[in-house]
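Working through the structure, step by step
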Amino acid sequence: IYLIGDGMGLASVSMMQLENRYEHTIFDRADNIALQKTYSLDNRVTDSAASGTALATGQKTNNTVLGQLPDGTPLETLMESASKLGKATGVVVTTYVQHATPGAFYAHVASRHDYATISEQLLYSDLDIAIGGGTHFFDERYGGREQALAAISNRGFAFYQTLDAASASSAPRKLILLADKEIEQRTGYLASATTAAINHLEREGGDSGFVLMVEGSLIDGAGHGNDAEGQQAEMRDFMEAIGVAV
C-alpha cells in the first residue's frame, strides 16, 4: 500500500505533532524515515506529474510529463508491473482520478492536462478499482454521461457514485467517481475509500496479492493557498487513511 501525501513535507508532519500536543501520531509509528530529492529532470522545483512519475516508475522526467520520458518513451509503472505478476491494483484519491499523481500510475502522456487521453487510458489500464472524482472529464471525453457510461462499461468497469453501492457489489472491476472533479465533502472519506479498496483488492488479488496507491491529494493545494487550517484538515483525513492501511 503506497501512501502519498501530495506536497506534504516535514513541516506538515511537524504541524500535526504540534496539534496533537506531542503525543504520537500515525507518522511516529514508522520504523524508518528517509529524505528524498524531489527535483524533476528539467526543474529544481518539481510538479506532481514529474514527481508522480518518479514515484510510480523510478525514473525522473520533465515537469508536466506523465508516465513517460521527455522524448515520449513510455515508462512501465508500478501498477503495470504488478498486473503482470497477477496482482490486483487500484488507486484512491481525494482529487479526480485523472489528476497528475494517480495518472502517473497508469497513463503515458506528454501533458498532465490532457484529461481526455488520460481518461481513456484509465479505461484501457489494468486497474481493478479507482476511487475519486472525475466524472466531468469522462463526460467531456465521450460527449456526455450516457456515452461515458457506455465506454466505461465496454472496458469492463462497473460504475458507481457511492461507496456503499460499490461495496455491496461483487463486480471484479470498479470505477467509483463521487464528484465531477475534486471531492469537496469528505470528512472521513479517505479512510472509508481506502477500506473499500483494500476489501476489493484482497478479494480480487487472492493469493497473488495487490498494490494500492492512496493519495491525500489536496494537502498541497492548502499549502499553495497559505491555508494552515485547511492543510491540517487534509492531513487529518490522510492520517486516518494511513491508520486504515496500517
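Notes on the structure follow. Numbering of residues starts from 1 in each chain and follows the order in which that chain's sequence is written. At least 70 in pLDDT is required for a residue's local features to be given in this predicted model, at least 80 for side-chain atom pairs to be given and counted, and no such filter applies to totals for whole chains, interfaces and linings, which use all residues. Remark: hydrogens and water are excluded; side-chain values derive from all non-hydrogen atoms of the structure.

Here 6 strands make up an open sheet; going across it, the order is S1-S6-S2-S3-S5-S4 and the pairing parallel. Looking at strand neighbours, the two that pair on one side only are strand S1 (2–5) and strand S4 (158–160), the edges of this open sheet. Each adjacent strand pair in this sheet contributes to an overall mean axis angle of 10 degrees, direction not counted. Strands are labelled as partners when DSSP assigns at least two bridges between them. Elements are defined by DSSP. Helices are runs of H or I of four residues or more, strands are runs of E of two residues or more, and each kind is numbered from the N terminus. For strand S3 (residues 129–133) and strand S5 (residues 174–177), the ladder comprises 4 bridges, and the chain directions are parallel. From the neighbouring strand, Ala130 faces S5, where its bridge partner is Leu175. Here the axes come from fitting lines to C-alpha atoms, over the contacting stretch only for helices, and the angles between their N-to-C directions go from 0 to 180 degrees.

Right, let's get into the packing of aromatic side chains. Two rings from Phe, Tyr or Trp (for Trp, the six-membered ring) form a pair when their centres are within 6.5 Å of each other. A pair whose planes differ by under 30 degrees is stacked, one over 60 is edge-to-face, and the rest are tilted. According to the stated counting rule, one finds 4 aromatic pairs in the structure shown. Here the aromatic rings of Tyr96 and Tyr115 are separated by 5.6 Å at their centres, their planes lie at 90 degrees, and the arrangement is edge-to-face. Here Tyr96, found in strand S2 (residues 88–96), pairs with Tyr115, found in helix H5 (residues 115–123); they are 19 residues apart in sequence, far enough to count as distant. Of the two residues, Tyr96 and Tyr115, both sit in the buried class. Taken together, the aromatic side chains of Tyr96, Tyr115 and Phe137 make up a single cluster linked through ring pairs. Two thresholds decide whether a charge sits over a ring: the Lys NZ or Arg CZ must be within 6 Å of the ring centre and within 35 degrees of the ring normal. The aromatic ring of Tyr39 is capped on one face by Lys60, whose charged end is 4.0 Å from the ring centroid. Cation over ring: Arg155 sits above Tyr124, and NZ or CZ is 3.9 Å from the ring centre. Between buried and exposed lies partly exposed: a residue is buried under 20% and exposed over 50% of the maximum accessible area for its type, with that area taken using a 1.4 Å probe on protein chains only.

To define a nonpolar core, start from buried Ala, Val, Leu, Ile, Met, Phe, Trp, Tyr and Cys residues and group those joined through side-chain atoms within 4.5 Å. Among the nonpolar cores identified, the biggest contains 32 residues, and Phe27, Val92, Ile131 and Tyr189 are the most heavily contacted of them. Those elements giving two or more residues to this core turn out to be helix H1 (10–19), S2, S3, S4, helix H8 (163–167), helix H9 (189–205), strand S6 (210–216) and helix H11 (228–245). The biggest single contributor to this core is H9, with 7 residues. Two residues form a contact once any of their heavy atoms are found within 4.5 Å. For Phe27, the residues in contact, after removing those within four places along its chain, are Met8, Val13, Met235, Phe238, Met239 and Ile242. Formed by 30 residues, the second largest nonpolar core is a distinct cluster that contains Val91, Val93, Ala100 and Ala130.

We now examine the pairing of S2. Most of S2 sits out of view: 9 of its 9 residues are buried. Alignment of S2 against S6, held across 6 bridges, turns out to be parallel. By the bridge assignment for S6, Val92 is matched with Val214. Strand direction decides the pairing type here: S2 and S3, joined by 4 bridges, are parallel.

Before going further, it helps to examine the pattern of salt bridges. Salt bridges are defined as contacts in which a side-chain nitrogen from Lys or Arg sits within 4 Å of a carboxyl oxygen from Asp or Glu. One pass over the structure, following the stated rule, counts 6 salt bridges. Two residues, Asp139 and Arg145, come together in a salt bridge whose shortest N-O distance is 2.8 Å. When its relative accessible area of 16% is taken as the criterion, Asp139 is described as buried. Salt-bridge contacts for Glu204 lead to Arg203; the nearest nitrogen and oxygen are separated by 3.5 Å. The exposure class assigned to Glu204 is partly exposed, which follows from its relative accessible area of 30%.

Where H9 contacts H11, the axes come no closer than 7 Å and their chain directions differ by 30 degrees. The orientation of H9 with respect to H11, classified from their angle, is roughly parallel. Of the two elements, H9 crosses H11, and the hand of that crossing is right-handed. Residues Leu190, Ala191, Thr194, Thr195 and Ile198 of H9 pack against Asp237, Phe238, Glu240, Ala241, Val244 and Ala245 of H11. For this scheme, ten residues count as nonpolar: Ala, Val, Leu, Ile, Met, Phe, Trp, Tyr, Cys and Pro. Four count as charged, namely Asp, Glu, Lys and Arg, and the remainder, Gly too, count as polar. Within the contact of H9 with H11, the residues separate by chemical class into 7 nonpolar, 2 polar and 2 charged. If an angle is under 35 degrees, it is roughly parallel; if it is over 145, roughly antiparallel; if it lies from 65 to 115, roughly perpendicular; otherwise it is oblique. Handedness of a crossing is defined here by the sense of rotation of the near helix relative to the far one, left-handed for an anticlockwise turn of less than a right angle and right-handed for a clockwise turn.

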